[in-house]
Amino acid sequence: MYLIGFPLLVVTFAIYNMIAFLTPSLAWTANVATIRLMSGQDWTVTLEDIILACAIILLGIEVVKATRMGIRGLMDHVLSMVLFIVMLVEFLLVQRAGTSTFFILMVISLVDVLAGFIITARTAQRDIQIERDVAPSA
């Protein structure tokens, strides 16, 4: 339960930066594996595909985490917003972050921020409405 106040998308952000800065000659579209599908088609998996798939899976977990109320949930939303701002600044100012892969990771982070705030607002609105309906009548 310690991960409630920690935005999981930091993991993909950190992995991207480690790969981009420690191995600058590595191409994001380089083949990692080729999988033969039952249809006979060869599916080529790239590093870009892997990191984006991981980010989308983590986004799903983040959306589920957004349904929790409390101070940790609020802290998670704030940290997600900070992560998005850091990613935006890096995208605009750092040459190695100016790729389509990083841009899609940044958009996934934006969706996390928006989904978190929207889900929290809707949940809070529903809680207020339920409390109003069950007020004792005199």
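On a predicted model such as this, the values are computed, not experimentally measured, just so you know.

S.K.: Is there a simple way to think about the overall build of the protein chain in this case?
M.R.: Broken down by element type, the protein chain carries four helices and two strands. Listing each helix as α and each strand as β along the protein chain from the N terminus yields α-β-β-α-α-α. With 138 residues in all, the protein chain has 32% of them scored as buried. Contacts spanning at least 24 positions in sequence make up 65% of the contacts within the protein chain whose residues lie at least 6 apart. Carbon together with sulfur atoms contributes 71% to the accessible area of the protein chain, which is approximately 9000 Å² in total.

S.K.: What is the right way to look at helix α2 (residues 47–65) in this model?
M.R.: Spacing of three or four residues puts side chains on the same side of an α-helix, whose turn is 3.6 residues. Compared with the 27 Å implied by 1.5 Å per residue over 19 residues, the 27 Å span of α2 between its first and last C-alpha is a close match. Of the positions making up α2, those classed as buried are Leu47, Glu48, Ile51, Leu52, Ala55, Leu58, Leu59, Glu62 and Lys65. End-on view of α2: buried residues confined to an arc of 125°, all on one side of the axis. Of the exposed residues in α2, the ones pointing more than 90 degrees away from its buried face are Ile56, Ile57 and Val64.

S.K.: Would you explain the pattern of salt bridges in this entry?
M.R.: Side chains bearing opposite charge may pair, as long as their charged atoms lie close to each other. Applying the stated rule across the entire model yields three salt bridges. Here Arg36 makes a salt bridge to Asp42, at a shortest N to O gap of 2.8 Å. Of the residues examined, Asp42 reaches a relative accessible area of 38% and is grouped as partly exposed. Where Lys65 meets Glu62, a salt bridge forms, and the shortest distance between an N and an O atom there is 3.2 Å. In this pair, Lys65 and Glu62 both sit in helix α2, three residues apart, roughly one turn of the helix. Within this structure, Glu62, Lys65 and Asp76 form a network of salt bridges that share partners.

S.K.: Before we go on, may I ask you to explain the side chain of Thr46 in this structure?
M.R.: Considering the arrangement of structural elements, one finds Thr46 in strand β2 (residues 42–46). Of the polar contacts made by the side chain of Thr46, one reaches the side chain of Asp49; its length is 3.1 Å. In this view, Thr46 contacts Trp28, Thr29, Ala30, Asn31 and Val32; residues no more than four positions away in its chain are not counted.

S.K.: When you look at the nonpolar core in this model, what are you seeing that I'm missing?
M.R.: Most often, soluble globular proteins keep nonpolar side chains buried together rather than apart. With 22 residues, the main nonpolar core has Leu9, Tyr16, Trp28, Ile51, Met87, Phe102 and Leu105 as its most contacted residues. Residue assignment for this core shows that the elements contributing at least two residues are α1 (9–22), α2, α3 (71–93) and α4 (100–133). Per-element accounting of this core gives the leading share, six residues, to α2. In this structure, Tyr16 is in contact with Trp28, Ile51, Arg96, Ala97, Thr99, Thr101, Phe102 and Leu105, ignoring residues within four places of it in sequence.

S.K.: I tried to follow the environment of Phe91 on my own but got confused; where do I start?
M.R.: The residue Phe91 is located in helix α3 in this model. Between the alpha carbons of Phe91 and Phe102 there is a distance of 7.2 Å; along the sequence they are 11 residues apart. In this view, Phe91 contacts Ala97, Gly98, Thr99, Phe102, Phe103 and Met106; residues no more than four positions away in its chain are not counted.

Reading guide: rules and limits
Residues numbered from 1 in each chain as written. Predicted model: local features only at pLDDT ≥ 70, side-chain atom pairs only at ≥ 80, totals over all residues. Heavy atoms only, no water. Helix = DSSP H or I, 4+ residues; strand = E, 2+ residues; numbered from the N terminus. Buried < 20%, exposed > 50% of the residue type's maximum accessible area, 1.4 Å probe, protein only. Contact = heavy atoms within 4.5 Å. Areas by Shrake-Rupley, 256 points an atom, 1.4 Å probe, with all protein chains shown as cover. Expected span 1.5 Å × (residues − 1). Arc of directions from axis to C-beta. Salt bridge = Lys/Arg side-chain N within 4 Å of Asp/Glu carboxyl O. Polar contact = N/O pair within 3.5 Å; in protein donor to acceptor, adjacent residues only side chain to side chain. Core = buried A, V, L, I, M, F, W, Y, C linked by side-chain atoms within 4.5 Å.

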